[in-house]
Amino acid sequence: MTGPEYADAGRYDHLPLYDHHAHALYHEALWRAAPLGAYFTEAYDPVILERFVPDTLFFRRSLRDLAGLYGCAPTAEAIQEARLGHGYLDLCADLFRRANIGRVLIDDGFWPDRLWSVGQMQERLPLPVGWVVRIESELGTLLPDHDSAEALLDALEERLRTAGQSAAAFKSIIAYRSGLDVTAPSGAELEQGFARARKAGGQLREKPLLDAALLRALHVAADLGLPVQFHTGYGDPDLDLRLANPLHLRAVIEAPEFRKAKVVLLHCYPYVREAGYLASVYGGVYLDLGLTIPYTSVAAMRTALHEALHLSPISKVLISTDAQRTPELYWLAARWARRTLEAVLNQTTRGGDLSAAEADWAAGRLLWHNAHELYGRGEG
């Protein structure tokens, strides 16, 4: 399946990736029906999907990557024909092996009706698969069954404490809903927000209720020693990017009751420097570059990784795929994570920041050991 240009390994291809943030794969019928271009953007505007995705650097670079992988012409039509000619389960397993992903943690709050469950991922992939609990999804499922905010929060806490016995982490998408400027609401604000949420139905966007739920979840996570992942930076267009700056989390990070909490800032772009600053001054803060790698240009990926290392300790920077729906995204993300890492670490050695031996040590930290130490409770 692989063209000759993919025979030569990169410097760090032998190092496994601990993919600490990703989503599940499509059910096969959906995978076979999905257009190729939809995988290469966070947009869902039909004009973007149909007209402009082919003009992005990520899409054009990926066509060449996938053509090399499948041994076909670098066109969307040829790649689509080649990939759909494979058995789906075999292709999924093969691309995870080629990506050298040693472990993956799945946030199953995204499209649960369209994607494999965590259990199905565990059964069908040739690697260990862990579970990340999405806080807002759990809150939303509990909302209709309770008649007060306090009863709802108590139920959420009970569910999270139970889930936390087997989960690797909790995850918050509050950046999408009401922003990262999280504050403790008054009792009246909380009950009013709860009442509005019950009346509105659908997606939860009431800031007092979401803030209170997140603070409750952080207490549970701190008690259980679990990391809490936060979406920060860019994503789907229903996100207000101004409210997704990780600096907004400072009040939470500074709160005495959360000083021992472990906070993982996901994605971060374009706020990579801000995230690196937070990781450099707060012991419990880590930053991740998934989605930034591989969705941006080669120059942007290298810049982001180098900027993450400007201030942050090497031992607090993580790389994930944030892949979902199709196995090629895992492979592309892992491929470009290692190539970006190699380029940036070479630059650090040329500049005198690291010796060659220290650069190799740093590669192992970023690809595996940082995440393994953060999430590896109970792992072999």
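Each chain carries its own residue numbering, running from 1 in the written order of its sequence. It should be noted that, the model being predicted, local features are given only for residues of pLDDT at least 70 and side-chain atom pairs only at 80 or more, the latter also being counted only at that level, while totals for whole chains, interfaces and linings use all residues. Side-chain figures throughout are based on the complete set of non-hydrogen atoms in the structure, without hydrogens or water.

A.B. asks: Pulling in residues and values, what's your account of a nonpolar patch on the surface?
C.D. replies: Exposure above 30% relative accessible area and no salt bridge define the residues that can form patches, which grow by joining like charges within 9 Å and nonpolar side chains of Val, Leu, Ile, Met, Phe, Trp and Tyr within 5 Å. Note on areas: these come from Shrake-Rupley sampling with a 1.4 Å probe, and a residue is covered only by the protein chains present in the view. Criterion for a salt bridge: a side-chain nitrogen of Lys or Arg within 4 Å of a carboxyl oxygen of Asp or Glu. A cluster of nonpolar side chains, Leu 247, Tyr 277, Val 281 and Leu 311, forms an exposed patch at the surface whose accessible area comes to about 350 Å². Strands here mean DSSP runs of E at least two residues long; helices mean DSSP runs of H or I at least four residues long; both are numbered from the N terminus. Among the structural elements, Leu 247 can be located in the loop between strand 5 (227-232) and helix 12 (250-254).

A.B. asks: Hey, could you go over the nonpolar core for me, with residue numbers and the actual values?
C.D. replies: By nonpolar core is meant a set of buried Ala, Val, Leu, Ile, Met, Phe, Trp, Tyr and Cys residues that side-chain atoms within 4.5 Å join together. Three exposure classes are used, based on accessible area relative to the maximum for each residue type with a 1.4 Å probe and protein chains only: buried under 20%, partly exposed in between, and exposed over 50%. By size, the foremost hydrophobic cluster in this structure holds 124 residues, and its most contacted members are Leu 25, Phe 40, Ile 106, Met 121, Phe 170 and Tyr 330. Considering each element in turn, this core owes the most residues, eleven residues, to helix 11 (residues 207-224). Judged by nonpolar contacts, the second largest core, of twelve residues, contains Val 264, Leu 266, Leu 374 and Tyr 375.

A.B. asks: Quick one: what's the story with the packing of aromatic side chains, residue by residue and with numbers?
C.D. replies: Two descriptors summarise a pair of aromatic rings, namely the distance from one centre to the other and the angle between the planes of the rings. Whether two aromatic rings pair depends on their centres lying within 6.5 Å, for rings of Phe, Tyr and Trp, where Trp uses its six-membered ring; planes under 30 degrees apart make the pair stacked, over 60 edge-to-face, and the rest tilted. All told, the structure shown has twelve aromatic pairs when counted by the stated rule. Here Phe 96 and Tyr 330 contribute two aromatic rings whose centre-to-centre distance is 4.4 Å and whose plane-to-plane angle is 45°, an arrangement assigned as tilted. Residue Phe 96 is located in helix 5 (residues 88-99), and its partner Tyr 330 is located in helix 16 (residues 327-351); the two are separated by 234 residues in the primary sequence. Its relative accessible area of 1% is what places Phe 96 among the buried residues. An aromatic cluster is defined as three or more aromatic residues linked by ring pairs; in this entry it consists of Tyr 26, Tyr 39, Phe 110 and Trp 111. Sitting over the face of the ring of Trp 336, Arg 61 holds its NZ or CZ atom 4.9 Å from the ring centroid. Of note, Lys 316 hangs over the ring of Tyr 286, and the distance from its end group to the ring centre comes to 5.5 Å. Two conditions define a charge sitting above a ring: the NZ of Lys or the CZ of Arg must be within 6 Å of the ring centre, and it must be within 35 degrees of the ring normal.

A.B. asks: Explain the sheet that holds strand 3 (residues 129-134) to me, using residue names and the numbers behind them.
C.D. replies: Sheets are built from strands paired through backbone hydrogen bonds, the pairs being either parallel or antiparallel. Only strands that DSSP links by at least two bridges are regarded as paired with each other. Strand order in the open sheet made by the eight strands is 1-2-3-4-5-6-7-9, with parallel pairing throughout. Two strands bound the open sheet, and with one partner strand each, they are strand 1 (17-22) and strand 9 (317-318). In the sheet, strand 6 (residues 262-267) pairs with strand 7 (residues 285-288) via three bridges, with the strands oriented parallel. Each residue of the ladder has a partner; that of Val 264, found in strand 7, is Tyr 286. We call two residues in contact when some of their heavy atoms are within 4.5 Å. Helix axes are fitted to C-alpha atoms over the stretch in contact, other axes to C-alpha atoms as well, and angles between N-to-C directions run from 0 to 180 degrees. Here helix 11 sits on the sheet and contacts strand 4 (169-172) and strand 5; the angle it forms with strand 4, its principal contact strand, is near 160°.

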